[in-house]
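# Descriptive analysis of the structure
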4 protein chains.
Amino acid sequence: MPSPQSATLLISCPDQRGIVAAITRFIYENNGNIIHLDQHVDFQEDIFFSRVEWDLTNFSIPANKIVQEFNNLARTFDMRWELHFSDRLPKMAIFVSKLTHCLSDILSRVQSGEWNVEIPMVISNHTDVQALVEHFGILFYHFPINKENKLEQEKKQIEILEKEKIDVVVLARYMQILTPLFVEPFKNRIINIHHSFLPAFAGAKPYHSAYSRGVKIIGATSHYVTADLDAGPIIEQDIIRVSHKDNVENLVRKGKDLEKIVLSRAIWYHLQNKILVYNNKTVIFD
Amino acid sequence: MPSPQSATLLISCPDQRGIVAAITRFIYENNGNIIHLDQHVDFQEDIFFSRVEWDLTNFSIPANKIVQEFNNLARTFDMRWELHFSDRLPKMAIFVSKLTHCLSDILSRVQSGEWNVEIPMVISNHTDVQALVEHFGILFYHFPINKENKLEQEKKQIEILEKEKIDVVVLARYMQILTPLFVEPFKNRIINIHHSFLPAFAGAKPYHSAYSRGVKIIGATSHYVTADLDAGPIIEQDIIRVSHKDNVENLVRKGKDLEKIVLSRAIWYHLQNKILVYNNKTVIFD
Amino acid sequence: MPSPQSATLLISCPDQRGIVAAITRFIYENNGNIIHLDQHVDFQEDIFFSRVEWDLTNFSIPANKIVQEFNNLARTFDMRWELHFSDRLPKMAIFVSKLTHCLSDILSRVQSGEWNVEIPMVISNHTDVQALVEHFGILFYHFPINKENKLEQEKKQIEILEKEKIDVVVLARYMQILTPLFVEPFKNRIINIHHSFLPAFAGAKPYHSAYSRGVKIIGATSHYVTADLDAGPIIEQDIIRVSHKDNVENLVRKGKDLEKIVLSRAIWYHLQNKILVYNNKTVIFD
Amino acid sequence: MPSPQSATLLISCPDQRGIVAAITRFIYENNGNIIHLDQHVDFQEDIFFSRVEWDLTNFSIPANKIVQEFNNLARTFDMRWELHFSDRLPKMAIFVSKLTHCLSDILSRVQSGEWNVEIPMVISNHTDVQALVEHFGILFYHFPINKENKLEQEKKQIEILEKEKIDVVVLARYMQILTPLFVEPFKNRIINIHHSFLPAFAGAKPYHSAYSRGVKIIGATSHYVTADLDAGPIIEQDIIRVSHKDNVENLVRKGKDLEKIVLSRAIWYHLQNKILVYNNKTVIFD
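Just so you know, these numbers come straight off a predicted model, no measurement behind them. (Residues numbered from 1 in each chain as written. Chains lettered and ligands numbered in written order. Predicted model: local features only at pLDDT ≥ 70, side-chain atom pairs only at ≥ 80, totals over all residues. Heavy atoms only, no water.)

### Examining the environment of Lys274(D)
Residue and element names in this part refer to chain D. Tracing the chain through its elements places Lys274 in the loop between α8 (248–271) and β12 (275–278). Each C-alpha atom, one on Lys274 and one on His223, is 14 Å from the other, the two residues being 51 residues apart in sequence. Apart from residues lying up to four places away in sequence, Lys274 is in contact with Arg51, Trp268, Tyr269, Val283, Ile284, Phe285 and Asp286. (Helix = DSSP H or I, 4+ residues; strand = E, 2+ residues; numbered from the N terminus. Contact = heavy atoms within 4.5 Å.)

### Details of the interface of chain D and chain A
At the interface, 34 residues of chain D touch 34 residues of chain A. Buried area between chain D and chain A, summed over both chains or domains, comes out near 2,900 Å², and the portion from carbon and sulfur atoms is 54%. Looking only at chain D, the three residues that lose the most surface to chain A are Arg213(D), Lys216(D) and His244(D), adding up to 25% of its buried area. On inspection of chain D and its partner chain A, the count reaches four salt bridges. One salt bridge in this structure joins Glu236(D) and Arg241(A), with 3.2 Å as the shortest N-O distance. At the surface where chain D touches chain A, the tally comes to 20 residue pairs in polar contact (both at pLDDT 80 or more). Within the residue set of the side of chain D that touches chain A, elements represented by two or more residues are β2 (33–42), α7 (206–213), β11 (234–241) and β13 (281–284) of chain D. The greatest single-element share of the side of chain D that touches chain A, amounting to seven residues, is contributed by β11(D). (Buried area = accessible area lost by both parts, 1.4 Å probe. Salt bridge = Lys/Arg side-chain N within 4 Å of Asp/Glu carboxyl O. Polar contact = N/O pair within 3.5 Å; in protein donor to acceptor, adjacent residues only side chain to side chain.)

### Comments concerning the interface of chain B and chain A
Facing the 16 residues of chain B at the interface are 16 residues of chain A. Taking both sides of the interface into account, the surface hidden between chain B and chain A amounts to around 1,700 Å²; carbon and sulfur atoms contribute 56%. It is Arg17(B), Tyr28(B) and Gln39(B) that lose the most area in chain B upon contact with chain A, and together they represent 34% of the buried surface on that side. There are zero salt bridges connecting chain B and chain A. Remark: the boundary between chain B and chain A carries four residue pairs in polar contact (both at pLDDT 80 or more). Broken down by secondary-structure element, the contributors of at least two residues to the side of chain B that touches chain A are α1 (19–29) and β2 (33–42) of chain B. Residues that form the side of chain B that touches chain A fall into these classes: six nonpolar, seven polar and three charged. (Nonpolar A, V, L, I, M, F, W, Y, C, P; charged D, E, K, R; others polar.)

### So, the domain arrangement of chain A
Residues and elements named next belong to chain A. We note that the domain assignment places domain 1 (6–85) and domain 2 (91–284) within chain A. Contacts between the two partners involve twelve residues from domain 1 and, on the opposite side, nine residues from domain 2. Interface area, domain 1 with domain 2, both sides summed: about 860 Å², of which 58% is carbon and sulfur. The three residues of domain 1 that bury the most area against domain 2 are Leu10, Phe49 and Arg51, which together make up 50% of that side's buried surface. For the interface between domain 1 and domain 2, the tally reads zero salt bridges. Linking domain 1 with domain 2 are four residue pairs in polar contact (both at pLDDT 80 or more), by the criterion used here. Only β1 (6–14), β2 (33–42), β3 (47–55) and β4 (80–85) provide two or more residues apiece to the side of domain 1 that touches domain 2. Here the side of domain 1 that touches domain 2 gets four residues from one element, more than from any other, and that element is β3. Its residues assigned to classes, the side of domain 1 that touches domain 2 comprises four nonpolar, four polar and four charged. (Domains from an automatic or database assignment.)

### Some thoughts on the relation of the copies chain D and chain A
After a rotation of 180° and a shift along the axis of 0.0 Å, chain D superposes on chain A with an RMSD of 0.0 Å. The two molecules are tied by a two-fold rotation axis, judged by turn and shift. Of every C-alpha in chain D, the one belonging to Ala200(D) sits nearest the axis of rotation, 2.3 Å from it. (Least-squares fit on C-alpha atoms with pLDDT ≥ 70 in both.)

### Brief notes about the relation of the copies chain B and chain A
Mapping chain B onto chain A is achieved by rotating through 180° and translating by 0.0 Å along the same axis, at an RMSD of 0.0 Å. When the interface residues of chain B are mapped onto chain A, 100% of them again lie at the interface, so the same face is used by both copies.

### Examining the packing of aromatic side chains
In this structure the tally under the stated criterion is 42 aromatic pairs over all chains. Between Phe26(D) and Phe59(D) the ring centres are 6.3 Å apart and the planes differ by 65°, which places this aromatic pair in the edge-to-face class. Here Phe26(D) is found in helix α1 (residues 19–29), whereas its partner Phe59(D) is found in the loop between β3 (47–55) and α2 (66–76), with 33 residues between them in sequence. Exposure remark for Phe26(D): the relative accessible area of 11% places this residue in the buried category. The structure contains a cluster of three or more aromatic residues connected by ring pairs, namely Phe26(A), Trp54(A), Phe59(A), Phe70(A) and Trp81(A). Positioned above the aromatic ring of Trp268(C), the side-chain terminus of Arg253(A) is 3.4 Å from the ring centre. (Phe/Tyr/Trp six-rings, centres within 6.5 Å; stacked < 30°, edge-to-face > 60°. Buried < 20%, exposed > 50% of the residue type's maximum accessible area, 1.4 Å probe, protein only. Lys NZ or Arg CZ within 6 Å of the ring centre and 35° of its normal.)

### Section: the state of the cysteines
Counted by the stated rule, this structure contains zero disulfides over all chains. Cys102(B) supplies the cysteine sulfur nearest to Cys102(D), a cysteine that is in no disulfide, at a spacing of 18 Å. (Disulfide = S-S within 2.5 Å.)

### Description of the packing of α1(D) against α2(D)
Residue and element names in this part refer to chain D. Relative orientation of the contacting elements α1 and α2 amounts to 160°, with a least axis distance of 11 Å. Relative to α2, the element α1 lies roughly antiparallel. Where α1 crosses over α2, the two elements pack in a sense that is right-handed. Contacts between α1 and α2 involve Ala22, Ile23 and Phe26 from the first element and Glu69, Phe70 and Leu73 from the second. Its residues assigned to classes, the contact of α1 with α2 shows five nonpolar, no polar and one charged. (Axes fitted to C-alpha atoms, helices over the stretch in contact; angles between N-to-C directions. Parallel < 35°, antiparallel > 145°, perpendicular 65-115°, else oblique. Left-handed = near helix turned anticlockwise from the far one by under 90°.)

### Some remarks on the sheet that holds β2(B)
Working definition: the strands of a sheet are paired by backbone hydrogen bonds and lie parallel or antiparallel to each other. All names here are of chain B. On the basis of which strands lie adjacent, the open sheet formed by four strands has the order β2-β3-β1-β4 and antiparallel pairing. Strands with a single pairing partner mark the edges of an open sheet, and in this sheet they are β2 and β4 (80–85). In this sheet, adjacent strand axes meet at a mean angle of 10° when their direction is disregarded. Looking at chain direction, strand β1 (residues 6–14) and strand β3 (residues 47–55) are connected through nine bridges and run antiparallel. Residue Ala7 lies in a different strand from β3, and its bridge partner there is Trp54. Taken strand by strand, helix α2 (residues 66–76) contacts β1, β3 and β4, and its axis lies near 155° from that of β4. (Pairing = 2+ DSSP bridges.)

### So, the sheet that holds β4(A)
Residues and elements named next belong to chain A. The strand order β2-β3-β1-β4 describes an open sheet built from four strands, whose pairing is antiparallel. Because the sheet does not close on itself, it has two edges, and the strands there are β2 and β4. Between one strand axis and the next, the sheet turns by 10° as a mean value, whatever way the strands run. Pairing of β1 with β4, which is carried by six bridges, proceeds in the antiparallel orientation. The residue bridging Ser12 from the neighbouring strand is Arg80, located in β4. Running at roughly 155° to β4, helix α2 (residues 66–76) makes contact with β1, β3 and β4 of the sheet.

Here it is, written out as structure tokens:
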């Protein structure tokens, strides 16, 4: 059964009376049928958040006029908002270094039809994954990175990403720190997986640090990338128990499973337009 | 900081366009400020569910008229609904046999002020917990149960519960099966804790069964009691890992911690009016 | 760093004094260095279990004589035992129907070098996964199954498996029930993944049953296959939270991640010779 | 069924061939029957660890001579070791400030017979819990702490603890930092509960920090207290999921359940003599 075409609004604005009433009336009076409505209020900051998805089948406003029509309402409540349509396939680029567990997991989800997304390219600073990527019929770009060429290479990467109109960039264990030059234009659109339970063990070699500290649980964290290393808005985390029997090699092995699952959940939330970002945090209407 | 007085509506009705718009307009136009609004649609059954909590501070309808005023709206959408006020302290009775871990957990939560609830009585088929209960200044009733007197004793229990206007009955490891006579008048108001991950290991001695089956995870399940044993609507479940090293005694020990936490979470949801029941399932707006 | 060659003994026998002393003396006096020693006693059944792994570098008994030498000791204690060498690559066959998530997960682990195992073949009752399998350079066999040809096809499958000296068979969402004819010769060597938290929801369509029952947690279970459907010795289980917001489609999606991780953990334990089976249960020295 | 009297050895020493053989021979040749034998080797540090528990019923060495007899063996392998007898009731002192959830949990476990331990005293810097403590028939000591009197008060506390021969001190949400003066004599015998997933959010107000960082999971950590704040050897950790819907108050509420369960598990491991400490980490033979 194909889903009927739907539209999704992601909204945030200063909290006040009547927002939900106004939004639902807008949809209702134009013959839309709400499929999902989620709302949240941060009472400390007095910010209102909502995600509304509605069926467009009988909606009286044509898809290409919704932005314009909704804008009046949006202005009244001083909203920041996005509109997404279910029949538009988002474009995702994957950055990876040498480890394949996250990449393989993503590619097999796309191949099996679990996700509706197009992956026009995979970019790597090494060539280890080239054969794997090309087998899936995906373009592979090799951008070797060193201290000298980093900025230059990032500029070229951005060019390619923009030319292909990439919507979201996934760092699937990409062992390079992106500069602000790269991060800025893709704000809240670069998803990273860090192999620790952030904020614990940010930075390099988290499994070694976890081993030294003697933790009884390890974790993985997926987050949007910001200029601060491993400090962006957290999308998803998960954990697994470890014990004194687990050496670093075991932590790495157990952690890989966490990493790929946590990253894939985060990507899925993003692709489903379920995430709103504010104050370096996420609201996720799961 | 005392919470401002609020009202909470729990609503379910056949799904149709405009329900949320109507509810939020009702509150908005009467100067209510929505604190929480959750909604859910079961698209398979076409049923709409909502929980709305709003601040009554400036609400133009007096508390004792809200039922009457809302009724018109409710009838339009064929709603089943409940209204709760935050300043009314619910009354809870606890049934227990001999094991104290759930009982102690509940009493210490109430004593420390974690929960807003009144516990006028504890009822038991044994006297083991009498001293513990009375220390908390709570009335203790002893109702020994055997095959012959069960119905008669239940009648007396119901009398006491009704006389005290008990809102919710908690079976905190009460090792007696209630008859339909008892269950019927307290539909969706009797919360049980079963010491297994239902529907696995319903009935007696679930830890022994779990041990025999060699499961790697055990669980506990809190549910509303229905006429069918351990088959009522599930409110909350949780699990813990076990291994071949755990004999039955260990499963019991580990399970006790699960039982008390799972039961207490279920009670909390109930006390916060966060649960809607339909089709022998629960919607929980947590 | 290549591991030094090691030997692993899996032992079970009636419990009595002096077993560990005898085993460790056997290794110690022959200049073996114990890498891992795990032991467990089931005091209810009075059965002793042990897994001993030792470095063969300076071991004074040649590898091909260990069986013979250990046999005297084994007989004294009435042991059932197995001996494995770390440098022998086990052979694994995968059975699959149409769903690819478990298969892809396994293949990507083998390809990335995470597991030391050889996969000479994948067998399916459909042809959907043929291209995927052959891309990995693995032989694909198509055995369509219906009521009439089942036994005959199983016979042919067993022939191929035995010809290739397959050590372990993995049912990676293979939607056929194996007959005792097939199960018997591969006792404790067929690993299945069932998409529920067994013993709950054995048999067909467990996600539908979980949805109907309104559980708050779903699970997956990997077990050795026996003649009784979904009733064999459990190797590994794991769970994930669900809520009223999750329809069957969501349970399936969330469950897939569980299935592949749980199955892969079970396979890993098996490949590492960490599992002993008794009384339809497993001892896992993880 | 009362357990037969047993002895437990906790051993660590440089790894070398023949340790287990020697230990088990010592027990076996003196007619001891091993109930539990666990061993672990840290191959990075080349340290051997073991926990051996054996039945003393027919043991040929009298209990009061075991230390002396074992000492020869211990010296050969350069062992650090402890010997515990199952029939000796350990003495535990609890330190607490104002919050009662951990204290109540501990007291109800002791009262119900779940733990074999004697609690001769509860010490607090406030008087809030005095009535609760005294109801359980336990001595309550009030030691108000401020910057000026801290060292002096600690000295008095140590005096009382030593006079009562306290074996283990539990900080059940004791909101004071102990000085090295106090910590030193109770090395690996002071168990603290910290309300975060260490090493994340060490120090004050971890729930506020977790809220600000927008984590999706919160945790609690029980550890032995050392001179460095929240940096001692971790005994046990556990976590619970949170979301954008959880404000700080909710994190505190959810966290309390974690804290009491995690602390109680850590105490249980300690009381069962299942913990060995080295390199600021723990080996736990659970």
